[in-house]
Amino acid sequence: MTFSAAGIFLLIITASAFSPAPTISREARNFIWPQRARISAEEAGDGRVPPKLQRREAAVVAAILASVLTPANSVVAAEDRTDRTFLVTGANGGIGGAVASGLAASGCRVVVGCRSPEKSSKVAEALLATFPGAKVICPTTPLELSDMRTVATFAQEVGASVPALEGVLLCAGIDGAPLTRGAQGLELHLAVNHASNFLLVMELLDKLRKTNIRGERGKVVVLTSSAALDADPRGLADLNWATRAYDKREAYCLSKACNVLFTDELARREKSA
């Protein structure tokens, strides 16, 4: 199978402008959005969300929507978006919630990925209340990202429920968790931020490859962070923290570095396939 410039499109949304590490290809670097999607406790101040954060998050959301809604070399009219289906993880809040809203507002079909059917239903209700007639799919399988079995089952349900899938937008994630292990024994940041993303994309890759909307193949968007650049490369030899003292900040940084490495390698393989 061959892929043209309109083949599977990989986008890394990162947390701030930086000089990319040498291991990241030029193509991957070109898709890095130089805005911070997180905010420090100092900036949060009295707990209110400051305009600075709102601007940053809005910039990230705008970048994601622009990347998936506008095909190369053309502008898609709103009426042409009705047959476009996107899966959004973390759709119940934050950047994922804003992305789901933007897709629904554009007339796209949105598959919501949440930790429970109840959360998915609330997302659907909110989208329908805001955008009457919105097309929302709520899988019955919960998307529990710390359990690879439920991730695989969720992906299989999504793959069987939609005729085509134009994009998998991976916006869910965690930060700052104490040492905890998921159902398969993976450290929690590794499981939720990376391993589940990897498995979800691999399970849906054939569906993405077969999708062809106006000459464009499926897309994968991975929301990562500039924290990836703070990861100690030596930690890649012990991602599951089996032989060293646990550091939750380093665990988060390593999981974000895995996002970048995975996305970059997937882009390389799909381009050469």
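Definitions and limits used
Think of each chain on its own: its residues are numbered from 1, step by step along the sequence as written. Reporting in this predicted model follows two pLDDT cut-offs: at least 70 for local features of residues, and 80 or more for side-chain atom pairs to be given and counted; totals over whole chains, interfaces and linings ignore these cut-offs and use all residues. Excluded from the side-chain calculations are hydrogens and water; all other atoms, namely the structure's heavy atoms, are used. Every helix listed is a DSSP run of H or I at least four residues long, and every strand listed is a run of E at least two residues long, numbered separately from the N terminus. Buried means the residue's accessible area, taken with a 1.4 Å probe over protein chains only, is under 20% of the maximum for its type, while exposed means over 50%, and partly exposed covers the values in between. The contact definition used throughout considers only heavy atoms, calling two residues in contact when any of these lie within 4.5 Å. Computed with the Shrake-Rupley method and a 1.4 Å probe, the accessible areas treat only the protein chains shown as cover for residues. Any Lys or Arg side-chain nitrogen located within 4 Å of an Asp or Glu carboxyl oxygen qualifies as a salt bridge. Two strands qualify as a pair provided DSSP detects at least 2 bridges between them. Here the aromatic set is Phe, Tyr and Trp, taking the six-membered ring for Trp, and pairing holds for ring centres within 6.5 Å; pairs whose planes are under 30 degrees apart are stacked, those over 60 apart are edge-to-face, and all others are tilted. Only lysine NZ and arginine CZ atoms are considered, and such an atom sits over a ring when it is within 6 Å of the ring centre and within 35 degrees of the ring normal. Under this scheme, a helix contributes an axis fitted over its contacting stretch, all axes are lines through C-alpha atoms, and angles between N-to-C directions fall in the 0 to 180 degree range. Roughly parallel means an angle under 35 degrees; roughly antiparallel, over 145; roughly perpendicular, 65 to 115; everything else is oblique. Handedness of a crossing is defined here by the sense of rotation of the near helix relative to the far one, left-handed for an anticlockwise turn of less than a right angle and right-handed for a clockwise turn. Put simply, Ala, Val, Leu, Ile, Met, Phe, Trp, Tyr, Cys and Pro go in the nonpolar bin, Asp, Glu, Lys and Arg in the charged bin, and everything else, Gly too, in the polar bin. A clockwise course of the path from the first strand over the helix to the second, judged with the strands pointing away from the viewer, identifies a crossover as right-handed.

1. Thoughts on the overall build of the chain
Within the chain, the secondary structure is distributed over eight helices and seven strands. Across the 273 residues of the chain, 50% fall into the buried class. Long-range pairs, those at least 24 residues apart, make up 69% of the contacts in the chain with a sequence separation of at least 6. Total accessible area computed for the chain in this model is approximately 12600 Å², and 55% of it derives from carbon and sulfur atoms.

2. As for the pattern of salt bridges
Note that side chains of opposite charge can pair when their charged atoms are close. Summed over the entire model, instances satisfying the criterion amount to ten salt bridges. A salt bridge links Arg115 to Glu144, with the shortest nitrogen-to-oxygen separation between them at 3.0 Å. Taken together, the positions of Arg115 in the loop between β4 (109-113) and α5 (117-130) and Glu144 in the loop between β5 (135-137) and α6 (148-161) put the pair 29 residues apart, joining distant regions of the chain. Take Arg115: its relative accessible area is 55%, and that puts it in the exposed class. Among the ionic pairs, Asp238 bridges to Arg244, the shortest N-O distance being 3.2 Å. For Asp238, a relative accessible area of 10% translates into the label buried.

3. Examining the pairing of strand β6 (residues 167-170)
Side chains Gly167 and Leu169 project from β6 onto one buried face, and the interleaved Val168 and Leu170 project onto a second face that is buried too. Bridging between strand β3 (residues 85-89) and β6 involves four bridges; their strand directions are parallel. The partner of Leu87 across the bridge, within β6, is Val168.

4. Section: the packing of aromatic side chains
Enumeration according to the criterion identifies two aromatic pairs in this entry. With 5.2 Å between their ring centres and 75° between their planes, Trp241 and Tyr246 make a pair best called edge-to-face. You can call Trp241 buried: its relative accessible area is 6%. Here Tyr246 falls in the partly exposed class, since its relative accessible area comes to 24%. The ring of Trp241 carries Arg244 above its face, with NZ or CZ at 3.6 Å from the centroid.

5. Quick look at the packing of helix α7 (residues 188-210) against helix α8 (residues 248-272)
Two elements in contact, α7 and α8, have axes whose closest approach is 8 Å; the angle formed by their N-to-C orientations is 15°. Considering the angle they form, α7 stands roughly parallel to α8. Crossing angle aside, the handedness with which α7 passes α8 is right-handed. Counting all contacts with α7, which are made through His189, Leu190, Asn193, His194, Asn197, Phe198, Val201, Met202, Leu205 and Arg209, the residues of α8 involved are Lys248, Ala251, Tyr252, Ser255, Lys256, Cys258, Asn259, Phe262, Leu266 and Glu270. Of the residues that constitute the contact of α7 with α8, the class distribution is ten nonpolar, six polar and four charged.

6. Points about the side chain of His194
Considering the arrangement of structural elements, one finds His194 in helix α7. For His194, a relative accessible area of 15% translates into the label buried. Leaving out residues up to four positions away in the same chain, His194 has contacts with His189, Ser255, Cys258, Asn259 and Phe262.

7. Quick look at the packing of α6 against α7
For the pair α6 and α7, interaxial distance at closest approach is 9 Å and the crossing angle is 30°. Judged by the angle between their axes, α6 and α7 are roughly parallel. By crossing handedness, the relation of α6 to α7 is classed as right-handed. Judged by residue contacts, Met148, Val151, Ala152, Phe154, Ala155, Gln156, Val158 and Gly159 of α6 engage Ala191, Ala195, Ser196, Leu199, Leu200, Glu203, Leu204 and Lys207 from α7. Here the residues of the contact of α6 with α7 sort into eleven nonpolar, three polar and two charged.

8. A short note on the pairing of β4
When you tally the buried positions in β4, you get four out of five residues, the bulk of the element. Sheet analysis places β3 next to β4, joined by five bridges and oriented parallel. Bridging from a neighbouring strand, Phe86 pairs with Val110 of β4. Traced from β3 through helix α4 (residues 94-105) to β4, the parallel crossover comes out right-handed. Two strands pair when backbone bridges link them, and β4 and β5 are joined in this way by three bridges, in the parallel orientation. Residue pairing across strands places Arg109 opposite Lys135, the latter belonging to β5. Read from β4 through α5 to β5, the crossover connection turns out right-handed.

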